[in-house]
Structure formats: structure tokens, C-alpha cells
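Report on the structure
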Amino acid sequence: MPSRTKGKRSGKDDESDDGMSGSATIPAGSDDETNGEPKSKVDAFIDALGEKRGATREWGLQGLSETMRNEPSNPEIEERTEEISDGLMGCIKKGNPREAALAAQTMTLLFVFLGESGADLFSDVREGLQLFFVNHRSSIARGRLAEALSYGSFMTGDETTEMLELMVLLLQELSEPRIHKDLALPALSAWGLLASGLSDAVVFTNIRLFIQLLEIFLEHPEVEIRMIAAENASLLYQGCWRFDGEKAAKLLESLQEEDEEDAKASEASEKVGGDSVKKVAKADRTKERQTLKRALRALEDGEGPPTEKIKVKSEMLEVQDWRDRIRLNCFRKCLQGGLQSHLSHNEAIQQIFGLDPNLASGALVERKMQAGEKRFLMSKNSGRLRDREKCITRGRRDKEALCAQADLLD
């Protein structure tokens, strides 16, 4: 008796065409031999970008993204860069919103992977990415496209005028009414990365325009959007302060007077509106005030955001100002678990954070263990020695606590 399901597809197959799961079917022919040698996984990922089936293209996009995150150098990707770029633009154009967002995210990783050597590539795709960013119907895809444009401009050393034009374009597109959070958050974060690439003189010259464009986000009802906008404003103010402290002080006084006038006007409107005016949660306001206080300390006392230290092989990366803080947050979000690998081996990322380029070549020699350390860690009695040291340390702490109590009683 013939099967009734012959010629029909299961529900799982229908879902896999639209989803972004890593279980998408491997492209046909990916295991075939090319020039007498079997295809590598990277070649299969790249070939998948031109496949007809959407789930197969997404499989290739996910594979390329993971490869570029975890491998700062890959000769197969470097040899087929133009082919990858064409495939990504095709996925953005003909794919569903999730595929377009994934393709734009992969394009961002490609710019980080290539660094300044991707300048010609970015020049070729920049106009197309801008058209997709302005006209795409998906907010998620537009947010990823904003990141691709910003990272491409930042990593390839774009000219200042072109970078400024892109920054204005991003904020103008975000100023539309009822802008979605999925677009605003990544676009504002990427905008901060662009701002971190400007010189202090350029920031000082354009500070009023930038603050005017950021103003609506500093008062946005979403706390995450306000936080990112406040960090970007802190970056701009700190750049002005470094350029000329006296002029920056006068500029800030004038901006504060304008803010006070705006606050009085808003209070008057609240009295007229009564209870109908929407109020922001107290916890959200507390977070916002903390960010703004840190920004104020950065200007008055020379302090920046909380210092963060990251160990990269034998070197320590210290993030102390808003510029490095914003850059670190952007690359941490983009590279995810591959951040350490890129800090250690990607020369472009090392140059951005001022790390020793010898880290990439492995020229640094690891420090050898001393005889005492070897006995403590590797001898037969090492466990007993460690336990004894713990007991001694615990006893010292108890004695210190007793002394402190005695001092309080006196």
C-alpha cells in the first residue's frame, strides 16, 4: 500500500527553512573533492551563501560567523573575500529578515577580521549597505546594517568627512517617531564606536550638533537607550575637555543653561497635563543618574568609567576612559567568546587598544617558575603545604578581626 505522506514535507522541514538554527542541512556537494582534495568546512560555508534554500544559506552564515570570531586569521577566508562579500549582499537582498540580519552581522565580523586591508571592500559595498539600512522593512536587520556600516568605517580607517556623514545619517534615521528598540540599541552603540574614532578637535567643533541629535535619546522612555546615549555624550564631553579645558567649561555652562530652561518648560507641561504624563521608573532614573554622575566626574576631576582590567597573555589591558570603554563594549558584543583570541592575534584590534603587536607573533617568552613555586605546586607534599598556608592565613585574619574589635572598645 503506498504511503499517504509521499510527496509531502514534514512540519520540521518547513520550520528549518525559516529558522536560524545550527541544524540546517549541509549544502549538497560540500563533501565533494575539489582539485583532488576534499572541501574544507570554510569552503562549504562560503559555497552555501549561493544556495537556493534559505536554511542552507543561514547554515553558511552561522559557520562563517563562528569561524571569524574564533580564528583571527584564516587563509581560506582571505582568499575568497570578494566572493564572501557578494554572497552576503545577496543574502541581505533576497533573504527573510532574520537571514538579512545574520548576513549583516557576518559582514560586520568580516570588516573586523580584515582590518584596514578591507578598505577597498568597504568602499564597494558601502552604498549598497546604506540603501538597505534606510529602506529595509525589518528593524532587527536595520540595526545589524547600522553596525556593519559603522564597524566597516571604523576598522578600515574611513576619512573624517565620510565618518561624520555616516554618523549624521544614523542619528537622522533614528529620529523617526516610534523607532523600535531593536534598531535604536545597536545603532546607537555603533554610533559611539564611530565617535571614538574622531579626534578631539573634530569632536569639539561638532559637539553642539551631536548633542542636539542625541537629545531625544537622552530623554527616551527606554532606560537602555538612555544609558547608551549618556555614555556617548560622556565620550563627546571628555573629548572636548581634552582638547581645551577652558573652552569646554564655557561650552558646558551654556549647555547646562539650555538644559535648565528645557527642564522648566517640561515641569510646566507636567503641571498642565496632570496624571496623564508618563513617569519613568525610579530604578531606571537611578541608573541614569549614576551614568551622568560618572560623566560629570570625568569632566571635573579627570575620572572616567569604572576601570576594567583584562589579561591578554602576559600583558594587562586597562580600560580607564570612555573612549576605550565604548570600544571594548562594542567589540565584546561583536566578537563574544572570541574577544580574547582577537586581542591576542588580531593586529588591528591590538592597535586600537594599544597592545604590544608581539602578542600576535608569539614572541613574548613565558616566565619560568621559580624553585619555591615548583615545590609549592608540584611536590608530593604540595597539597599539605597549601592547606597549611590556608590555615596560617585564616589565623591571621581572625587575629586582625579581634584587634579591630579591641580598638573599637578602647
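What you see is a predicted model; the values in this text were computed from it and never measured.

Our focus in this paragraph is the pairing of strand β4 (residues 315-319). Here strand β3 (residues 308-312) pairs with β4 via five bridges, running antiparallel. Bridged to I310 within β4 is L317. A loop of two residues connects β3 with β4, the two strands running antiparallel in sequence, and K313 in this loop sits at a positive phi of about 55°.

The next point concerns the layout of surface pockets. Counted as a void, the second largest pocket has a volume near 390 Å³. Along its surface, the second largest pocket is lined by 20 residues, and E116, M155, A348, Q351 and I352 are the ones closest to its centre. Those elements that provide at least two residues to the lining of the second largest pocket are α6 (97-114), α8 (139-155), α9 (160-174) and α17 (347-353). For the lining of the second largest pocket, the element with the highest residue contribution is α17, accounting for four residues. Residue composition of the lining of the second largest pocket, grouped by class: eight nonpolar, seven polar and five charged.

Before going further, it helps to examine the pattern of salt bridges. Going through the model one piece at a time under the given rule, you end up with 17 salt bridges. Residue E173 is joined to R142 by a salt bridge in which the shortest nitrogen-to-oxygen separation is 3.0 Å. Here the residue E173 occupies a position in helix α9, and R142 occupies one in helix α8, the gap between them amounting to 31 residues. Residue R142 is classed as buried on the basis of its relative accessible area of 8%. What you see here is one network of salt bridges that share partners, running through D43, D47, R80 and E83.

Attention now goes to the packing of helix α5 (residues 81-94) against helix α7 (residues 119-135). To describe two helices that pack against each other, one gives the angle between their axes and the distance between the axes. Packing of α5 against α7 leaves a shortest axis separation of 11 Å and a crossing angle of 5°. Judged on the interaxial angle alone, α7 and α5 are roughly parallel. Counted together, T81, S85, M89, I92 and K93 of α5 and L121, V125, G128, L129 and F132 of α7 form the full contact between these two elements. Classifying every residue of the contact of α5 with α7 gives six nonpolar, three polar and one charged.

A few words now on the nonpolar core. L129 and F331 are the most contacted members of the largest nonpolar core, which totals 91 residues. Per-element tally for this core: the top contributor is α6, with 10 residues. The contact partners of F331, leaving out residues within four places of it in the chain, are V112, Y151, F154, M155, L193, Q336, L339, I349, I352 and F353.

This part covers the packing of aromatic side chains. Under the counting rule described, the total for this entry stands at seven aromatic pairs. When the centroid spacing of 6.1 Å and the interplanar angle of 70° are considered together, the rings of F331 and F353 count as edge-to-face. With F331 in helix α15 (residues 322-335) and F353 in helix α17, the pair connects residues that are 22 residues apart, well separated along the chain. Comparing F331 with F353, the two get one shared label, buried. Three or more aromatic residues joined by ring pairs form one cluster here, namely Y151, F154, F331 and F353.

There is a patch of like negative charges on the surface, built from E82, D86, D120 and D124. When contributions to the negative patch are tallied by element, the ones reaching two or more residues are α5 and α7. Checked against the element boundaries, E82 lands in helix α5.

Let us now look at the environment of K309. Assignment of secondary structure puts K309 in strand β3. The class for K309 is exposed, based on a relative accessible area of 55%. It is 6.3 Å that separates the C-alpha atoms of K309 and V319, two residues lying 10 residues apart in sequence. The contacts of K309, once residues within four sequence positions are left out, are M316, L317 and E318.

Bringing the confidence of the model for the chain into the picture now. Looking at the chain as a whole, its pLDDT mean stands at 78, while 69% of the residues score no less than 70. Mean pLDDT per element in the chain: helix α1 (residues 11-18) is the minimum at 38, and α6 is the maximum at 96. Low pLDDT, under 50, characterises residues 272-280; the stretch is placed with four contacts to residues that sit more than four places away or in other chains.

Definitions and cut-offs
- For every chain, the first residue of the written sequence is number 1, and numbering continues from 1 along that sequence.
- Note on the predicted model: pLDDT of at least 70 is required for a residue's local features to be given, and 80 or more for side-chain atom pairs to be given and counted; whole-chain, interface and lining totals, by contrast, use all residues.
- Side-chain metrics rest on all non-hydrogen atoms present in the structure, leaving aside hydrogens and water.
- Strands pair, by our definition, only if DSSP identifies at least two bridges between them.
- Here a strand is any run of E in DSSP of at least two residues, a helix any run of H or I of at least four, and the numbering for each starts at the N terminus.
- The way it works is a 1 Å grid over only the protein atoms, where trapped points that fit a 1.4 Å probe form a cavity and open points with protein on both sides within 12 Å along at least five of seven lines form a pocket, and then any residue with an atom within 4 Å of a point lines it.
- Grid points are joined across faces, edges and corners, and a volume is the space filled by probe spheres set on the points.
- In this count, Pro and Cys sit with the nonpolar residues alongside Ala, Val, Leu, Ile, Met, Phe, Trp and Tyr, while Asp, Glu, Lys and Arg are called charged and the others, Gly among them, polar.
- Salt bridge criterion: a side-chain nitrogen from Lys or Arg within 4 Å of a carboxyl oxygen from Asp or Glu.
- Accessibility here uses a 1.4 Å probe with only protein chains present; expressed as a share of the type maximum, an area under 20% marks a residue as buried, one over 50% as exposed, and anything in between as partly exposed.
- Simply put, an axis is a line fit to the C-alpha atoms, just over the touching stretch for a helix, and the angle between two N-to-C directions goes from 0 to 180 degrees.
- Orientation categories follow fixed angle ranges, with anything under 35 degrees roughly parallel, anything over 145 roughly antiparallel, 65 to 115 roughly perpendicular, and all other angles oblique.
- Any two residues having at least one pair of non-hydrogen atoms within 4.5 Å are treated as being in contact.
- Only buried residues count toward a nonpolar core, which is a set of Ala, Val, Leu, Ile, Met, Phe, Trp, Tyr and Cys residues joined through side-chain atoms within 4.5 Å.
- Centres within 6.5 Å are what make two rings of Phe, Tyr or Trp a pair, Trp counting through its six-membered ring; a difference in plane orientation under 30 degrees is then read as stacked, over 60 as edge-to-face, and the rest as tilted.
- By definition, no residue in a patch forms a salt bridge, and every one has over 30% relative accessible area; like charges are joined within 9 Å, nonpolar side chains (Val, Leu, Ile, Met, Phe, Trp, Tyr) within 5 Å.
- Here the Shrake-Rupley method, with its probe set to 1.4 Å, supplies the accessible areas, and only the displayed protein chains count as covering residues.
- For the purpose of charge, His is not counted, nor are the chain termini; Lys and Arg are scored as positive and Asp and Glu as negative.
- Every charge is mapped to an atom, namely NZ of Lys, CZ of Arg, CG of Asp or CD of Glu.
- Note: pLDDT gives the predictor's confidence per residue, expressed from 0 to 100.

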